[in-house]
Amino acid sequence: MLIGMTTEPEQQIGVGTPDAFQRLWTPHRMAYIQGENKPTGPEAGDGCPFCAIPAKSDEDGLVVARGEKVYAVLNLYPYNGGHLMVVPYRHVADYTELDGPETLELADFTKRAMSALRVASGAHGFNIGMNQGAVAGAGIAAHLHQHLVPRWGGDTNFMPVVGHTKVLPQLLADTRKMLADAWPAA
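The protein is annotated in an unreviewed UniProt entry as HIT domain-containing protein from Streptomyces sp. 900116325.

Written out as structure tokens, the structure is:
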């Protein structure tokens, strides 16, 4: 039995009343919920973080790899450890706006990201996709980005399903370095 637990179920009565539950707080998610780092408008100069990231160092921008047309960057508000995005440098909102070389490099970086995640973290599978437009769930609809979320058997357990909490086992800076080191050469 855990320390502080009794054999009888306890009910929490109000804020701050001690109970048998230990809590994991994820205050970093509140920044995302409140719109921190979101652009003020649809143009590249409206505070688009995907336009600002390439000017930063890899460490400060959480950039995993850079190509000629696209780059791979960790998601600042990840669904799973290793959740990254492939982003074109050019500020475009829609997949149909990519030119041929951008489309090819985005596809190549997606394959390389999968390989790096398998090597670095032993990912069993992936959720890969783009949310096109705000109504489709794009948090930053004005700048195209493709998500790659690594998945493992059992990663959807009681914590996210019942507790609505995702436990990330590693700091983003450490994850960035691990994936950058595992990134396959072209």
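Draft legend 1. Examining helix α4 (residues 100-121) more closely. Between the first and last C-alpha of α4 there are 31 Å, a value that for 22 residues agrees with the 32 Å anticipated at 1.5 Å per step. What α4 keeps buried is the set Glu102, Glu105, Leu106, Phe109, Thr110, Arg112, Ala113, Met114, Ala116 and Leu117. For α4, the elements touching its buried residues are β1 (63-66), β2 (70-74), β3 (84-88), β4 (125-129), β5 (146-151) and α6 (172-182). Directly after α4, the chain includes glycine 122, whose backbone phi takes a positive value near 65 degrees.

Draft legend 2. Up close: the packing of α4 against α6. Two elements in contact, α4 and α6, have axes whose closest approach is 8 Å; the angle formed by their N-to-C orientations is 115 degrees. Between α4 and α6, the interaxial angle falls into the category roughly perpendicular. Considering only the axes of α4 and α6, their crossing is right-handed. Contact with α4, carried on its side by Ala116, Leu117, Val119, Ala120 and Ser121, involves Met178, Leu179 and Ala182 of α6 and no other residues of that element.

Draft legend 3. Structural context of the environment of leucine 171. By the element assignment, leucine 171 lies in the loop between α5 (158-161) and α6. Sequence separation of leucine 171 and glycine 81 is 90 residues, and the distance between their C-alpha atoms is 8.8 Å.

Draft legend 4. Structural view of unusual backbone geometry. The phi dihedral of leucine 62 falls on the positive side, at around 60 degrees, and the residue is not glycine. Considering the arrangement of structural elements, one finds leucine 62 in the loop between α3 (58-61) and β1.

Draft legend 5. Region of the structure containing the state of the cysteines. Per the stated rule, a full pass over the model turns up 0 disulfides. With no disulfide of its own, cysteine 48 lies 3.8 Å from the sulfur of cysteine 51, the closest cysteine sulfur. The exposure class of cysteine 48 is buried, given its relative accessible area of 3%.

Draft legend 6. Fine view of the nonpolar core. Of all hydrophobic cores here, the largest spans 32 residues; its most connected members are Phe50, Tyr71, Val73, Leu84, Val86, Phe109 and Trp183. Those elements giving two or more residues to this core turn out to be β1, β2, β3, α4 and α6. Element by element, the count of residues in this core is highest for α4, at 6 residues. The residues contacting phenylalanine 109, other than those within four sequence positions of it, are Ala65, Arg66, Gly67, Val70, Tyr71, Ala72, Val86 and Trp183.

Draft legend 7. A look at the packing of aromatic side chains. Under the defined criterion, the tally for this structure stands at 2 aromatic pairs. When the centroid spacing of 5.2 Å and the interplanar angle of 35 degrees are considered together, the rings of tyrosine 71 and tyrosine 89 count as tilted. Remark: tyrosine 89 occurs in the loop between β3 and α4 and tyrosine 71 occurs in strand β2; sequence separation between them is 18 residues. Looking at tyrosine 89, the relative accessible area reads 25%, which means it is partly exposed. An angle of 55 degrees between the planes, with centres 5.2 Å apart, marks the rings of phenylalanine 109 and tryptophan 183 as tilted. Residue phenylalanine 109 is located in helix α4, and its partner tryptophan 183 is located in the segment after α6; the two are separated by 74 residues in the primary sequence. Owing to a relative accessible area of 2%, phenylalanine 109 belongs among the buried residues under this scheme.

Cut-offs applied
- Residues numbered from 1 in each chain as written.
- Predicted model: local features only at pLDDT ≥ 70, side-chain atom pairs only at ≥ 80, totals over all residues.
- Heavy atoms only, no water.
- Helix = DSSP H or I, 4+ residues; strand = E, 2+ residues; numbered from the N terminus.
- Expected span 1.5 Å × (residues − 1).
- Buried < 20%, exposed > 50% of the residue type's maximum accessible area, 1.4 Å probe, protein only.
- Contact = heavy atoms within 4.5 Å.
- Axes fitted to C-alpha atoms, helices over the stretch in contact; angles between N-to-C directions.
- Parallel < 35°, antiparallel > 145°, perpendicular 65-115°, else oblique.
- Left-handed = near helix turned anticlockwise from the far one by under 90°.
- Disulfide = S-S within 2.5 Å.
- Core = buried A, V, L, I, M, F, W, Y, C linked by side-chain atoms within 4.5 Å.
- Phe/Tyr/Trp six-rings, centres within 6.5 Å; stacked < 30°, edge-to-face > 60°.

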